[in-house]
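Fold and contact review
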Amino acid sequence: MGSRQVSTTDLAGLLGPDPLGRYGLPGRITVAGLGISGISAARALAGLGATVTVVDNGDGDAHRAKAAELAELGIEVRLGHLPDGARAGEALPEGTELVVTSPGWQPESPLFRAAAEAGVDVVGDVEIAWRLRGAGVELRAARRAAAAEDTGGDADAGRAPAGPAEWLAITGTNGKTTTTQMLASILKAAGLKTAAVGNIGTPIIDVVLGEEAYDVLAVELSSYQLHWAPSLRAHSAAVLNLAPDHLDWHGSMEAYAADKGRIYEGNTVACVYNVADPATEKLVENADVEEGCRAIGFTLGAPGPSMLGVVDGILVDRAFVENRQKNAQELAEVGDVNPPAPHNIANALAAAALARAFGVAPRAVRDGLRDFRPDAHRVAHVDEVAGVTYIDDSKATNTHAAEASLAAFEPIVWIAGGLAKGATFDELVQKSQKRLRAVVLIGADRALIAEALARHAPEVPVVDLDRTDTGAMLAAVREAARLAEPGDTVLLAPACASMDMFANYNKRGDAFADAVRELAAEDA
């Protein structure tokens, strides 16, 4: 027989007695939300022997299909409205001892208020993954033993790392995904077994309990996830930047920043902050870390001691070197960063700082940055038509991200607009107005940007497309092409969410790229 695949239903049988209790988990758990992370948590916890109930206010065909799959595992799912008229996602099931929430559920949810009144803790999937790291080690050892028994082989052959993988954690208002993927690329270049997880990729519980053993994980964490992860203690962590975002969820900028700052709590080696954003350094100062943990800055300028920065087009390290008062270590060239826009160089420096904190050699930093390829719709070069470059940064869904994108090019015909989510645009326009050739506005809240342009850049031509259908993107690109001159950049950096016109920012970026390709075909 070959080595067998172990499903979540096998987990409790592979572990010793009371696996839930040994990892700080009770026996009756309610999971809030039937999304990817909720299903992952429900399956894993049921596999460990918990009595799991999943609640969700949705009741469509997709919800029912997911509920049927979980029911086959003995997991109760409550959807829509209950017999007493209450909504399933608002009523705390009787006997619940712990609530595990999906990241987006509001802290003021009726379910969580009921949990508080009953003295029941609420945590997220990241917290569960953190608590179950030791269980993952146990499971992999048990799987090796079972495979050896089946084959007559050696259970110690190809032995995985003895302990749980360390976590290198990343958060920030913008740049989290790119930086996490850069970090994973660097770690892989160093020969380490790693994965980019958390707010991206495979659900983190699945990774922690999975068959693959890792040396270290690159973990992207949103403010939502950090809010619900009280016991997380990373090896090292970075906050890339802080700007107002998700304030409707957190209630205030102070609460948002405090949740971001949780990523530093209990760090053992390094707390990485952005020198250009003093609020991130303040979070380090306020964090309760392990003795010996260091504050490490990154800057686009020349670095001081205990910093990484840029000197004459070279990324250099003055933090993880001997005699850092006088010495610096070359890591890579600016040209090794893809794309070499200022905000992306900052991302690379943060990733390099975390990798160096983990002991990665300088050459691996360079090789990992060279190997890295950014995801679509992140400052992506689409085409050049009639001497004009077209850049898709549809992922720039807030003003902070758009500011970074606008700072990378000049002159610019800027395509912007969508759902503002309560944002204001005066500061963005003030900082960017000298780079603007013209602006094309689309989307439901375009008037807010138009008003900021009228106040702070009245000389910049503005085209206001009074339409929110998906065909507006083609019209926007045609208007931008009309306004642009050879050598200009037409930049889609909306500074807004996409859901007024598109299913998501990916679809918005695809529409932009399709429109540019149509324009290029006409120009050929």
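All figures in this text were calculated on a predicted structure; none of them were measured in a lab.

1. Some points on the packing of helix α8 (residues 176-189) against helix α14 (residues 342-357)
Closest axis-to-axis distance for the α8/α14 pair is 9 Å, and the angle between their directions is 45°. Regarding the angle of α8 to α14, the classification is oblique. Handedness of the crossing formed by α8 with α14: right-handed. Across from T178, T179, M182, L183 and I186 in α8, the residues of α14 making contact are N344, N347, A348, A350, A351, A352, L354 and A355. Per-class residue counts for the contact of α8 with α14 are nine nonpolar, four polar and no charged.

2. A few points about unusual backbone geometry
Only a minority of non-glycine residues have a phi that is not negative, and only a minority of peptide bonds are not trans. For the bond from N338 to P339, the omega torsion is -10°, close enough to zero to count as cis. Tracing the backbone shows P339 in the loop between β14 (329-333) and α14. Following E410, the chain continues into P411 via a peptide bond in cis, with omega recorded as -10°. Summarising the element assignment, P411 is placed in the loop between α16 (399-406) and β17 (412-416). Look at D18: it is not a glycine, yet its phi comes out positive at around 50°. Summarising the element assignment, D18 is placed in the loop between α1 (11-14) and α2 (19-22). Overall, the relative accessible area of 52% leaves D18 in the exposed class.

3. Digging into the environment of S40
Within the secondary structure, S40 sits in helix α3 (residues 36-47). Apart from the residues lying within four places of it in its own chain, the contact partners of S40 are P203, I205 and D206.

4. Remarks on the confidence of the model for the chain
Do not read the fine detail of predicted coordinates wherever pLDDT is low. In this model, the chain carries an average pLDDT of 92, and 96% of its residues clear a pLDDT of 70 or more. This stretch, residues 1-6, has a pLDDT under 50; its non-local contacts, to residues over four places away or in other chains, come to 14 contacts.

5. Description of the packing of aromatic side chains
For the structure shown, the criterion picks out five aromatic pairs. Centre to centre, the rings of W105 and F112 are 6.1 Å apart; their planes meet at 40°, and the pair counts as tilted. With relative accessibility at 17%, the residue W105 sits in the buried group. Assessed through its relative accessible area of 5%, F112 is described here as buried. Relative to W228, the ring of F112 has its centre 5.2 Å away and its plane inclined at 65°; by these criteria the two rings are edge-to-face. You can see F112 sitting in helix α5 (residues 110-117) and its partner W228 sitting in the loop between α10 (223-227) and β9 (236-239), a full 116 residues away along the chain. Comparing F112 with W228, the two get one shared label, buried. Pairwise contacts between aromatic rings join W105, F112, Y224, W228 and W249 into one cluster. Sitting over the ring of F320, R294 keeps its end group 5.3 Å from the ring centre.

6. Brief notes about the pattern of salt bridges
Two side chains with opposite charge may pair up if their charged atoms get near one another. Counted by the stated rule, this structure contains 26 salt bridges. Notably, a salt bridge pairs R356 with D317, separated by 2.7 Å at the nearest N-O pair. Here D317 lies in strand β13 (residues 314-317) and R356 lies in helix α14, a separation of 39 residues in the sequence. Grouping residues by exposure puts R356 and D317 together as buried. One network of salt bridges, with partners in common, ties together R363, R366 and D367.

7. Looking at the side chain of T53
Assignment of secondary structure puts T53 in strand β2 (residues 51-56). In contact with T53, other than residues within four places in its own chain, are I29, T30, V31, E76, R78 and P93.

8. Quick notes on empty space enclosed by the protein
According to the stated counting rule, one finds one cavity of 30 Å³ or more in the structure shown. Space inside the largest cavity adds up to approximately 80 Å³. Lining the largest cavity are R133, R140, P164, A165, W167, V207, V208, Y214 and L217. Of all the secondary structure elements, the ones that give two or more residues to the lining of the largest cavity are α7 (133-151) and α9 (204-209). Partitioned by chemical class, the residues of the lining of the largest cavity number seven nonpolar, no polar and two charged.

9. Re the pairing of strand β3 (residues 76-79)
Residues V77 and L79 point to one face of β3 and are all buried, whereas E76 and R78, pointing to the other face, are not buried. Sheet analysis places β2 next to β3, joined by four bridges and oriented parallel. Bridging across to β3, T53 finds its partner in E76. As a crossover connection, the stretch from β2 through helix α4 (residues 61-71) into β3 is right-handed.

10. Concerning the nonpolar core
Ranked by size, the top nonpolar core spans 66 residues in total, and within it W167 and Y264 carry the most contacts. Sequence-distant contacts of Y264, defined by excluding residues within four places in its chain, comprise A237, A238, V239, C271, V272, Y273, T280, L283, V284, A287, D288 and V289. Grouped together as the second largest cluster of nonpolar side chains are 40 residues, V272, F320, I345 and A353 included.

11. Remarks on the side chain of D56
Summarising the element assignment, D56 is placed in strand β2. Here D56 is buried and forms no salt bridge, its nearest opposite-charge partner K66 lying at an N-O distance of 7.5 Å. Within the structure, the side chain of D56 is placed 2.9 Å from the backbone nitrogen of L34, a separation counted as a polar contact. When sequence neighbours within four positions are dropped, the list of residues in contact with D56 reads G33, L34, H63, R78, L79, G80, A88 and G89.

12. Looking at the packing of α8 against helix α15 (residues 362-371)
When two helices pack together, their arrangement is given by the angle between the helix axes and by the axis-to-axis distance. At their nearest, the axes of α8 and α15 sit 7 Å apart, and the two run at 125° to each other. Looking at the two axes, α8 sits oblique to α15. The hand of the α8/α15 crossing is right-handed. For the pair α8 and α15, contact is made by M182, S185, I186 and A189 and by A364, V365, D367, G368, L369 and D371, respectively. Of the residues belonging to the contact of α8 with α15, the class tally is six nonpolar, two polar and two charged.

Parameters at a glance
- Residues numbered from 1 in each chain as written.
- Predicted model: local features only at pLDDT ≥ 70, side-chain atom pairs only at ≥ 80, totals over all residues.
- Heavy atoms only, no water.
- Axes fitted to C-alpha atoms, helices over the stretch in contact; angles between N-to-C directions.
- Helix = DSSP H or I, 4+ residues; strand = E, 2+ residues; numbered from the N terminus.
- Parallel < 35°, antiparallel > 145°, perpendicular 65-115°, else oblique.
- Left-handed = near helix turned anticlockwise from the far one by under 90°.
- Contact = heavy atoms within 4.5 Å.
- Nonpolar A, V, L, I, M, F, W, Y, C, P; charged D, E, K, R; others polar.
- Buried < 20%, exposed > 50% of the residue type's maximum accessible area, 1.4 Å probe, protein only.
- pLDDT = per-residue confidence, 0-100.
- Phe/Tyr/Trp six-rings, centres within 6.5 Å; stacked < 30°, edge-to-face > 60°.
- Lys NZ or Arg CZ within 6 Å of the ring centre and 35° of its normal.
- Salt bridge = Lys/Arg side-chain N within 4 Å of Asp/Glu carboxyl O.
- 1 Å grid on protein atoms, 1.4 Å probe; cavity = no way out; pocket = protein on both sides within 12 Å on 5 of 7 lines; lining within 4 Å.
- Points joined across faces, edges and corners; volume = space filled by probe spheres on them.
- Pairing = 2+ DSSP bridges.
- Right-handed = clockwise from strand over helix to strand, strands pointing away.
- Core = buried A, V, L, I, M, F, W, Y, C linked by side-chain atoms within 4.5 Å.
- Lys, Arg positive; Asp, Glu negative; His and termini not counted.
- Polar contact = N/O pair within 3.5 Å; in protein donor to acceptor, adjacent residues only side chain to side chain.

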